[in-house]
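Below are the chains, spelled out letter by letter.
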Amino acid sequence: MKIAIISHVLDFSGVPIAQIRLSKAMADRGHRVDLYFLGRGTRYPSIDNISGRRVSISNYGSTLRAVTYLAATLTKGNYSYVFVAEDHLGILITLLATLLFVKSRIIVSSRVQPYDAQSIYPNASLFSKSGITRLLYRLLSSKIFLMTAVSNDLASTYRKLFSWSTHVGLYNIISDSFAPSHLTEFSPQKNRLRDPKFTVVA
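Presented here is a report on the structure given in the accompanying data block. (Residues numbered from 1 in each chain as written. Predicted model: local features only at pLDDT ≥ 70, side-chain atom pairs only at ≥ 80, totals over all residues. Heavy atoms only, no water.)

**Quick look at the nonpolar core**
Grouped together as the largest cluster of nonpolar side chains are 30 residues, with contacts concentrated most on I6, V82, I93, I106 and Y137. Looking at which element gives the most residues to this core, the answer is helix 3 (residues 87-99), with five residues. Core analysis: the next-biggest nonpolar cluster, separate from the first, contains 13 residues, I20, V33, L35 and I107 among them. (Core = buried A, V, L, I, M, F, W, Y, C linked by side-chain atoms within 4.5 Å. Buried < 20%, exposed > 50% of the residue type's maximum accessible area, 1.4 Å probe, protein only. Helix = DSSP H or I, 4+ residues; strand = E, 2+ residues; numbered from the N terminus.)

Structure, rendered in structure tokens:
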């Protein structure tokens with residue numbers, strides 16, 4: 001299966017690191033994975049250990065250049081699934097896929113509370129940037145194969161605030177050899193990490 005995973009900026013933060021680990025997990029299962037970052041921070045994690053796993057990393061400093069390239073990539077890539085992190089980028093990719101009649105199934109992952117996300121702030125005027133983005137999200141919601149949130153509470157918040165939301169909770173933990181040793185360093189409830197219901201295996 002051919003999969004595209006798209007994230008905003010490659011840097012030391014939760015979203016890009018999660019996308020890197022998701023791409024590795026998918027590639028390890030034999031899928032062809034293309035991982036795209038639309039920009040690069042001043043400091044970013046090593047990506048050398050991804051090589052050889054059928055994962056390609058592209059980086060575009062300009063949003064316009066990135067959109068142009070992604071439009072061509074979505075059209076020619078013939079992806080079965082496209083994973084997108086963060087609402088605003090998910091809306092953009094869904095819009096491109098809709099306009100270009102791309103048949104890929106799009107999965108959008110919401111990471112923060114809507115009241116903390118300027119792109120879809122619930123109380124913003126309809127004529128503001130947030131209001132227009134929120135309207136686009138509603139209009140394009142039926143084109144999104146799966147809306148996910150990184151916790152059940154966050155998914156519930158989306159469903160309460162937006163009538164069109166079909167968000168489901170999907171905890172952002174991938175079980176691999178790297179995760180347990182680092183997670184247990186910071187968790188006061190180490191035994192809970194061994195409980196299968198707290199782990200998502202990609």
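Having put the structure on the table, let's press on.
**Regarding the packing of aromatic side chains**
A complete count under the given rule lists five aromatic pairs for this structure. On the numbers, 4.7 Å between centres and 45° between planes, the contact of Y137 with W164 is tilted. Of the two residues, Y137 sits in helix 4 (residues 129-140) while W164 sits in the loop between helix 5 (152-161) and strand 7 (168-169), which places them 27 residues apart along the sequence. Residue classification places Y137 among the buried residues on the basis of a relative accessible area of 1%. Among the residues examined, W164 registers a relative accessible area of 14% and is labelled buried. (Phe/Tyr/Trp six-rings, centres within 6.5 Å; stacked < 30°, edge-to-face > 60°.)

**Re a nonpolar patch on the surface**
Among the surface-exposed residues, L126, F127, L135 and L139 lie close enough to one another that they form a single nonpolar patch of about 470 Å² accessible area. Turning to its location among the elements, F127 is positioned in the loop between strand 5 (105-110) and helix 4. A residue is classified by how much of its surface remains accessible, and F127, at 75% relative accessible area, is exposed. (Patch = residues over 30% accessible without salt bridge, like charges linked within 9 Å, V, L, I, M, F, W, Y side chains within 5 Å. Areas by Shrake-Rupley, 256 points an atom, 1.4 Å probe, with all protein chains shown as cover. Salt bridge = Lys/Arg side-chain N within 4 Å of Asp/Glu carboxyl O.)

**Side note on helix 5**
Looking only at helix 5, the buried set comprises L154, A155 and Y158. Looking down the long axis of helix 5, one finds its buried residues gathered within 100° of arc, a one-sided arrangement. Residues of helix 5 that are exposed and point more than 90 degrees away from the buried face comprise D153 and K160. Summarising the contacts, the buried residues of helix 5 are in contact with helix 3, strand 5, strand 6 (146-149) and strand 7. (Arc of directions from axis to C-beta. Contact = heavy atoms within 4.5 Å.)

**Some points on unusual backbone geometry**
The phi torsion of most residues other than glycine is negative, and most of the peptide bonds are trans. If you check the backbone angles, E86 has positive phi at about 85° while not being a glycine. Tracing the backbone shows E86 in the loop between strand 4 (81-85) and helix 3. Even without glycine at this site, F101 takes up a positive phi of about 55°. Position of F101 relative to the elements: it lies in the loop between helix 3 and strand 5.

**Regarding the environment of V15**
Structurally, V15 can be placed in helix 1 (residues 14-28). Residue classification places V15 among the buried positions, given a relative accessible area of 15%. A C-alpha to C-alpha distance of 8.3 Å links V15 and E86, two positions 71 residues apart in sequence.

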